[in-house]
Amino acid sequence: MKKILVTRKLLKECEEKASKMFDANLNSNDELYSQNNVIEMSQGCDGILSSLTDKMDAETINKLPESIKIISNFAVGFGNIDLEAAKKRGIAVTNTPDVLTDATAEIGILLILGACRRVPEGIQGAKDCNWKWSADYLIGKQLTGARLGILGMGRIGQKIARIAKSLGMIIHYHNRSKLSPDNDNGATYHDTLKSLMSVSDVLSVCCPASNETINLINKETLEYLPKGAVVTNVARGDIVDDEALIDALERRKVYAVGLDVYKGEPNLNPGYLKYKQAFILPHLGSATKETRTAMANLAIDNIEEYFKTGNCKNKVN
Ligand code: GLV
């Protein structure tokens, strides 16, 4: 039986499945393992079921035992893993696409609604019993007719586009490649970020974090937005330069932000906390029972498939 290290606690039925299929070293206390812990604990293992909280950089990967043949990441994103370093060591890296698209798109829409409709202020007012209905109380931005700019039109971006369109938003997107007319659902393609941002009343960041996208939303690019735009991020914190976004909030260049992801999670730039226009969530994108179950099961199945066939359809390196 193959032996695997599971770096984070999974939902119970998924841990049961992992233990049936493998000699699985589970993390029942859900401790956050250091990089050294991961290296030590993977001695004698054939694979690692990692999560986005594990920083698998080149140094860590190079110190993994020879026996490790696969790192199966319990996430669609794999910015936490140095793919090249893994490839050089002959270690396959896999992810969990598709199964989290719907749940993550739901949070993407929630970020848009929460930021546009002043939800943080509304929650505070209701909790404090410090409000009265009036014609101009907490007037927000209506989505109907507003232009939504989607940065990264992959599975999650496309799902957000479909829901937003049903809410009456007009969809624009920027992506490495233009979608075929069968898939674009009437959305307008922009071949540059500048062109997309200049028509985005609301921006939804949906692209993966990579060398090309780190700090793509920065002082310079934020200026492309119309004044009073809303910026949301359901992808990865690394894509946004926080200081620049906080400054744009301060200057009212940006009306509100909706964020689920941050640089250096679980910390976030404390600058956001000063703004009632910041609708912030703690990385809830895929956090439903159905989705977390499906993700963990897929991460387990990816390991099984790799050991059975020497390949895996969700291999990313
Ligand atoms: C969640 O953020 C994921 O990448 O799966």
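Residues numbered from 1 in each chain as written. Predicted model: local features only at pLDDT ≥ 70, side-chain atom pairs only at ≥ 80, totals over all residues. Heavy atoms only, no water.

Close contact between helix α5 (residues 101-116) and helix α7 (residues 155-166) brings their axes to 9 Å; oriented N to C, the two are set at 55 degrees. Considered as vectors, α5 and α7 are oriented oblique to each other. Note on packing geometry: the crossing formed by α5 with α7 is right-handed. Here T101, D102, T104, A105, G108, I109 and I112 of α5 lie close against α7, whose contacting residues are R155, I156, K159, I160, I163 and A164. Of the residues contributing to the contact of α5 with α7, the split by class is 7 nonpolar, 3 polar and 3 charged. (Axes fitted to C-alpha atoms, helices over the stretch in contact; angles between N-to-C directions. Helix = DSSP H or I, 4+ residues; strand = E, 2+ residues; numbered from the N terminus. Parallel < 35°, antiparallel > 145°, perpendicular 65-115°, else oblique. Left-handed = near helix turned anticlockwise from the far one by under 90°. Contact = heavy atoms within 4.5 Å. Nonpolar A, V, L, I, M, F, W, Y, C, P; charged D, E, K, R; others polar.)

What follows concerns the pairing of strand β6 (residues 147-151). Of all the 5 residues making up β6, 4 are buried; the element is thus mostly covered by neighbouring parts of the structure. As defined by bridge partners, β6 adjoins strand β7 (residues 170-174) across 5 bridges and the pair is classed as parallel. The residue bridging G149 from the neighbouring strand is H172, located in β7. By the bridge criterion, 4 bridges tie β6 to strand β9 (residues 202-205) in an arrangement that is parallel. The residue of β9 that forms the bridge with L148 is V202. (Buried < 20%, exposed > 50% of the residue type's maximum accessible area, 1.4 Å probe, protein only. Pairing = 2+ DSSP bridges.)

Next up on the list: the site of the ligand. In the vicinity of the ligand, the contacting residues are L52, A75, V76, G77, L100, R236, H283 and M295. Take V76: an N or O atom from its main chain is 2.8 Å from an oxygen atom of the ligand. Separating an oxygen atom of the ligand from a side-chain N or O atom of H283 is a distance of 2.7 Å. Here the ligand has 190 Å² of accessible area as a free molecule, and 91% of this is covered by the chains. (Near = heavy atom within 4 Å. Polar contact = N/O pair within 3.5 Å; in protein donor to acceptor, adjacent residues only side chain to side chain. Areas by Shrake-Rupley, 256 points an atom, 1.4 Å probe, with all protein chains shown as cover.)

Another point: the packing of aromatic side chains. For the structure shown, the criterion picks out 3 aromatic pairs. Pairing Y173 with Y189 gives two aromatic rings, centres 5.2 Å apart and planes at 55 degrees, and the pair type is tilted. With a gap of 16 residues between them, Y173 in strand β7 and Y189 in strand β8 (residues 188-190) connect regions that are remote in the sequence. Here K2 stacks its cationic end above the ring of F307, 4.8 Å away from the centre of that ring. (Phe/Tyr/Trp six-rings, centres within 6.5 Å; stacked < 30°, edge-to-face > 60°. Lys NZ or Arg CZ within 6 Å of the ring centre and 35° of its normal.)

Following the sequence through the fold, N317 ends up in the segment after α11 (289-309). At a separation of 3.0 Å, a polar atom in the side chain of N317 contacts the main-chain amide nitrogen of V93.

Right, let's talk about the nonpolar core for a bit. Among the nonpolar cores identified, the biggest contains 47 residues, and I112, L148, I150, I160, M169 and I171 are the most heavily contacted of them. Contributing elements (two or more residues each) for this core: β1 (3-6), α1 (12-21), α5, β6, α7, β7 and α11. For this core, the element with the highest residue contribution is α5, accounting for 7 residues. Residue assignment places this core across two domains, with domain 1 (3-99 + 288-309) and domain 2 (101-280) each supplying three or more. The residues touching M169, leaving out its near neighbours within four places in the chain, are I112, L143, G145, A146, L148, A164 and V202. V205, L222, V240 and A278 belong to the second-largest nonpolar core, a separate cluster that totals 27 residues. (Core = buried A, V, L, I, M, F, W, Y, C linked by side-chain atoms within 4.5 Å. Domains from an automatic or database assignment.)

Turning our attention to unusual backbone geometry. Following E265, the chain continues into P266 via a peptide bond in cis, with omega recorded as 10 degrees. For C129, which is not glycine, the phi dihedral falls at a positive 50 degrees. Residue position: C129 is located in the loop between α6 (119-127) and β6. Although it is not a glycine, H283 sits at a positive phi angle of roughly 45 degrees. If you trace the backbone, H283 turns up in the loop between β12 (278-280) and α11.

Here we take up the sheet that holds β12. With parallel pairing, the 7 strands of this open sheet are ordered in space as β8-β7-β6-β9-β10-β11-β12. The sheet is open, and its two edges are formed by β8 and β12, each paired on a single side. Sheet twist, expressed as the mean angle between neighbouring strand axes with direction ignored, is 20 degrees. Contacts from α7 reach β6, β7 and β9, with the element oriented near 170 degrees to β6. Against the sheet, helix α10 (residues 242-250) engages β10 (229-233) and β11 (254-259), with an angle of about 140 degrees to β11.

Worth remembering: the numbers are spatial, not functional.
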